[in-house]
Amino acid sequence: MPEPIIIESLTLVTLLLYAIDRVKIQPIFDCDPYESRRDELKGSRLVKVLVFYQMIKDPTQRGLLRVRDQSQDAQKALGGTLKRNTLSNALAQRNREQMIKAWMGLLAHYRPYLEQMGKKFARIAAVDASLIKLSLAAYDWAKYRKKTGAAKISCVFDWVKGVPQQFVFTASGRSHDLKATPEIVWYAGWTYLFDRGYFSFDLLTVLCNARAHFVIRFKDGVAFRIMERHLLPAFKLPAGIRAITSDWTVVLPGWEGDLILRLVSYRLTDGKLIRVLTGRHDLSALSVALLYKERWTIENWWRWLKRIYKVKEPLGRSSNALPLQIVAAFVTDLLLRAFKYCGGFKGKLYEFVTTCRDLALVPLARLGSLREALLAVTRFLELPQFLPSNLQ
């Protein structure tokens, strides 16, 4: 019988991969009839390999395999050796929908352990797309402009938890943002925040039919009829807003059913006029303006994702490799956020994540200030004081 391993000899990478093992995601991949033939790189192991990749500095496949070969701890955590052509084939052929379902399974499990970014019971999500610039010479599938390539990610971003809850990948950055929306599931009672690029009668109809709410920037040139002008009370305005200029009940001619909506207008401190359309009649005009302002949380998250994780340099050349890599970044970010919250780390998220990446393969006993937080994580993961060596 192998000798037990003391908890403090484990590394952060081991904890991340153990956290993935706590959620039974392999059955998602077992639905694929070809999964039984993939003895060397099952779906759940691929998720762990790509999360490990997010935690090392080298952005290449060779670098990933080199770090793994140099670290006995990494080899044990990842289940042994891995050939480069096996990884390349998996990146090219693995069904991305299975990877997304695996991420959503992990999200459902760890979402309760994320820090609250807003009101506890608020059901608010921002919707937006972002480009990942790529070389057309290297990635000819990423059609965007004549000399520039790009792929596009569309996300539904959970405002309260600060993580995405849905994800759509489009290989061509040229595709309009609206083309991703048919793949998104809209939930009753949720309020979705959109920029004006998403303004479409078809989309708004789908949202209404789903009994979901929307707050969307109104598009110039769209006709409307004012049904009622509401008096504006005195507001204590937040930074960035000079004045709430109007609050109208309106209908949009030509929209079947003549749905009664709100059109709130406000002026920024630089003089720019913003008009926001919503079906939320229960909110004040200021609350509607503030909700639309919260749409910027997803813009900040895009910058975070691209700055911290490896999503701008595809690990493989095929159009299938990049979305798998992005899903792994989502998983890594989810787990590190849960570790920070459950570990009681008092510093900023950026400090926690970057320190974890720098010390990913250092045993807990040598981590200094990070040690106590990660020991608390071992208790959260319900790890005993000693583990069998095959779990390291």
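In case you missed it, the structure is sitting above this.
For clarity, every value in this text was computed on a predicted model and none was experimentally measured.

Below, the discussion takes up the sheet that holds strand 6 (residues 213-217). The nine strands are arranged 4-3-2-5-6-10-9-8-7 in an open sheet whose pairing can be described as mixed. Either end of the sheet is taken by a strand with one partner, and the two such strands are strand 4 (163-170) and strand 7 (225-229). Each strand axis lies, on average, 30° off the axis of its neighbour in the sheet, ignoring direction. Here three bridges tie strand 6 to strand 10 (residues 273-278), and the two strands are oriented antiparallel to one another. By the bridge assignment for strand 10, Arg 217 is matched with Val 276. Contacting strand 2 (124-134), strand 5 (191-194), strand 6, strand 8 (241-251), strand 9 (261-268) and strand 10, helix 9 (residues 285-293) crosses the sheet at an angle of about 70° to strand 9. Lying over the sheet, helix 10 (residues 296-308) contacts strand 2, strand 3 (149-158) and strand 4, oriented at roughly 40° with respect to strand 2.

Another point: the packing of aromatic side chains. The full count for this structure, using the stated rule, is 16 aromatic pairs. Note on Phe 194 and Tyr 198: the rings are 5.6 Å apart at their centroids and 50° apart in plane angle, and the pair reads as tilted. Residue classification places Phe 194 among the buried residues on the basis of a relative accessible area of 0%. Taken together, Trp 103, Phe 157, Phe 167, Trp 301, Trp 302 and Phe 330 form an aromatic cluster joined through their ring pairs. Between Arg 22 and the ring centre of Phe 380, over which it is positioned, the NZ or CZ distance is 5.8 Å. Here the basic side chain of Arg 295 rests over the ring of Trp 296, its NZ or CZ set 5.3 Å away from the ring centre.

It is worth spelling out the packing of helix 3 (residues 43-54) against helix 11 (residues 321-343) at this point. At a minimum axis distance of 9 Å, the contact between helix 3 and helix 11 shows a crossing angle of 75°. For the element pair helix 3 / helix 11, the angle class is roughly perpendicular. Touching Leu 46, Leu 50, Val 51, Tyr 53 and Gln 54 of helix 3 are Leu 324, Gln 325, Ala 328, Ala 329, Val 331 and Thr 332, all from helix 11. Of the residues contributing to the contact of helix 3 with helix 11, the split by class is eight nonpolar, three polar and no charged.

When you line up the elements, Tyr 198 lands in the loop between strand 5 and helix 8 (201-209). Residues Tyr 198 and Ala 138, spaced 60 residues apart in sequence, show a C-alpha to C-alpha distance of 31 Å. With residues near it in sequence (within four places) discarded, Tyr 198 still touches Val 127, Asp 128, Ala 129, Asp 177, Leu 178, Thr 181, Leu 203 and Ile 216.

About the thresholds
- Residues numbered from 1 in each chain as written.
- Predicted model: local features only at pLDDT ≥ 70, side-chain atom pairs only at ≥ 80, totals over all residues.
- Heavy atoms only, no water.
- Pairing = 2+ DSSP bridges.
- Helix = DSSP H or I, 4+ residues; strand = E, 2+ residues; numbered from the N terminus.
- Axes fitted to C-alpha atoms, helices over the stretch in contact; angles between N-to-C directions.
- Contact = heavy atoms within 4.5 Å.
- Phe/Tyr/Trp six-rings, centres within 6.5 Å; stacked < 30°, edge-to-face > 60°.
- Buried < 20%, exposed > 50% of the residue type's maximum accessible area, 1.4 Å probe, protein only.
- Lys NZ or Arg CZ within 6 Å of the ring centre and 35° of its normal.
- Parallel < 35°, antiparallel > 145°, perpendicular 65-115°, else oblique.
- Nonpolar A, V, L, I, M, F, W, Y, C, P; charged D, E, K, R; others polar.

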